Amino acid sequence: AQRVTQPEKLLSVFKGAPVELKCNYSYSGSPELFWYVQYSRQRLQLLLRHISRESIKGFTADLNKGETSFHLKKPFAQEEDSAMYYCALRAPREYGNKLVFGAGTILRVKS
Amino acid sequence: DAMVIQNPRYQVTQFGKPVTLSCSQTLNHNVMYWYQQKSSQAPKLLFHYYDKDFNNEADTPDNFQSRRPNTSFCFLDIRSPGLGDAAMYLCATSRDWAEQFFGPGTRLTVL
């Protein structure tokens with residue numbers, strides 16, 4: 001079964017400090033992984049996906065198949081980064097292509 | 001320019017009294033999803049419609065039903081809500097299996 005683990009419920013950093021939100025997954029095939037973000041009082045939205053290899057709002061995430069990880073990183077945190085972050089894995093077509101979410105990590109950036 | 005709209009945002013119902021949550025979209029997406037998110041937990045897929053085809057998750061209780069009368073609208077019916085059904089209910093849409101766009105959610109309280 002597909003599973004996504006985010007070990008930290010809360011990550012608190014100071015403004016300007018590096019950020020790493022951890023995500024580990026269990027999946028036997030080639031995974032498709034995403035990071036979703038939910039800012040206060042806003043809807044859940046896609047932040048980035050591993051296949052795009054893009055940087056969004058200074059965040060990057062690299063898929064490490066050996067460690068089955070997809071950690072989200074940003075070199076210098078900003079206060080507006082404070083939000084709930086969810087890592088998600090897309091199940092294969094035979095399982096309906098559904099998204100399997102981790103439990104989420106609250107990122108709190110302090111000034 | 002709301003894209004995925006959920007009504008109501010807050011719903012209070014009594015134990016055992018049927019309740020319907022509504023989702024509409026202006027994106028003309030062919031896939032619509034319903035997720036349940038309990039406090040401090042990951043969003044959990046209940047079911048989805050691919051066009052008119054209904055796909056129920058294996059562990060979705062029979063108490064939960066859905067209707068999709070047309071492309072734009074999808075309803076979540078809870079036939080006999082229990083205290084354990086109190087949660088945030090998220091609707092999402094996608095064009096085939098591309099990025100999912102989420103609504104703001106409906107918070108259901110069961111008294």
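Structure's up top.
Residues numbered from 1 in each chain as written. Chains lettered and ligands numbered in written order. Predicted model: local features only at pLDDT ≥ 70, side-chain atom pairs only at ≥ 80, totals over all residues. Heavy atoms only, no water.

Right, let's get into the sheet that holds strand β3 (residues 19-21) of chain A. All names here are of chain A. Pairing is antiparallel across the open sheet formed by three strands, whose spatial order is β3-β8-β7. With partners counted over all chains shown, the strands left at the sheet margins are β3 and β7 (60-61), one partner each. In the sheet, β3 pairs with strand β8 (residues 72-74) via three bridges, with the strands oriented antiparallel. The residue of β8 that forms the bridge with L21 is L72. (Pairing = 2+ DSSP bridges. Helix = DSSP H or I, 4+ residues; strand = E, 2+ residues; numbered from the N terminus.)

Right, let's talk about the packing of aromatic side chains for a bit. The geometry of an aromatic ring pair is captured by two quantities: the separation of the ring centres and the angle between the planes. Within this structure, the stated rule accounts for 14 aromatic pairs over all chains. Ring geometry for F101(A) against Y35(B): centres 5.7 Å apart, planes inclined by 80 degrees, an arrangement best described as edge-to-face. Highlighted residues: F101(A) in strand β10 (residues 99-101) and Y35(B) in strand β4 (residues 31-37), drawn from two different chains. In terms of burial, F101(A) and Y35(B) fall into one category: buried. Here the aromatic residues F34(A), Y36(A), Y86(A), F101(A), Y33(B), Y35(B) and F102(B) are joined through ring pairs into a cluster of three or more. Positioned above the aromatic ring of F14(A) is the side chain of K110(A), whose terminal nitrogen or guanidinium carbon lies 4.4 Å from the ring centre. (Phe/Tyr/Trp six-rings, centres within 6.5 Å; stacked < 30°, edge-to-face > 60°. Buried < 20%, exposed > 50% of the residue type's maximum accessible area, 1.4 Å probe, protein only. Lys NZ or Arg CZ within 6 Å of the ring centre and 35° of its normal.)

The next point concerns the interface of chain A and chain B. The parts lose accessible area when they come together, and the size of an interface is often stated as this lost area. With 15 residues of chain A at the contact, the number on the chain B side is 18 residues. Here chain A meets chain B over a buried area of about 1,500 Å², counting both sides, of which 51% is carbon and sulfur. On the chain A side of the contact with chain B, R43(A), L44(A) and F101(A) bury the most area, a combined 33% of that side's loss. At the surface where chain A touches chain B, the tally comes to two salt bridges. Where E57(B) meets K98(A), a salt bridge forms, and the shortest distance between an N and an O atom there is 2.6 Å. One can count six residue pairs in polar contact (both at pLDDT 80 or more) joining chain A with chain B. Contributions of two or more residues to the side of chain A that touches chain B are made by β6 (45-49), β9 (83-90) and β10 of chain A. Along the lines of polarity and charge, the residues of the side of chain A that touches chain B split into seven nonpolar, three polar and five charged. (Contact = heavy atoms within 4.5 Å. Buried area = accessible area lost by both parts, 1.4 Å probe. Salt bridge = Lys/Arg side-chain N within 4 Å of Asp/Glu carboxyl O. Polar contact = N/O pair within 3.5 Å; in protein donor to acceptor, adjacent residues only side chain to side chain. Nonpolar A, V, L, I, M, F, W, Y, C, P; charged D, E, K, R; others polar.)

This brings us to the state of the cysteines. Scanning the model with the defined rule gives two disulfides over all chains in all. Here C23(A) engages in a disulfide with C87(A); their sulfurs sit 2.0 Å apart. Classification of the bridge connecting C23(A) and C87(A) rests on its S-S torsion, roughly -65 degrees, and on that basis the disulfide is left-handed. With C23(A) in the loop between β3 and β4 (24-26) and C87(A) in strand β9, this pair connects stretches of sequence that are 64 residues apart. The disulfide that involves C23(B) links it to C91(B), with 1.9 Å between the sulfurs. Here the disulfide of C23(B) and C91(B) is left-handed, its torsion about the S-S bond being about -70 degrees. With a gap of 68 residues between them, C23(B) in strand β3 (residues 19-25) and C91(B) in strand β9 (residues 87-94) connect regions that are remote in the sequence. Per residue, the accessibility class of C23(B) equals that of C91(B), and both read buried. With no disulfide of its own, C74(B) lies closest to C91(B) among cysteine sulfurs, the gap being 6.1 Å. What makes C74(B) buried here is its relative accessible area of 0%. (Disulfide = S-S within 2.5 Å.)

Right, let's talk about the nonpolar core for a bit. Counting 26 residues, the largest nonpolar core has W35(A), L47(A), L48(A), F70(A), L72(A) and Y85(A) as its most contacted members. Put simply, the parts of the chain that give this core at least two residues each are β2 (10-14), β3, β5 (32-38), β6, β9 and β11 (105-110) of chain A. Apart from the residues within four sequence positions on either side, F70(A) is in contact with C23(A), L33(A), F34(A), W35(A), L48(A), R49(A), H50(A), A61(A), D62(A), L63(A) and C87(A). Counting 19 residues, the second largest nonpolar core, distinct from the first, contains Y33(B), A42(B), M88(B) and L90(B). (Core = buried A, V, L, I, M, F, W, Y, C linked by side-chain atoms within 4.5 Å.)

Worth remembering: the numbers are spatial, not functional.
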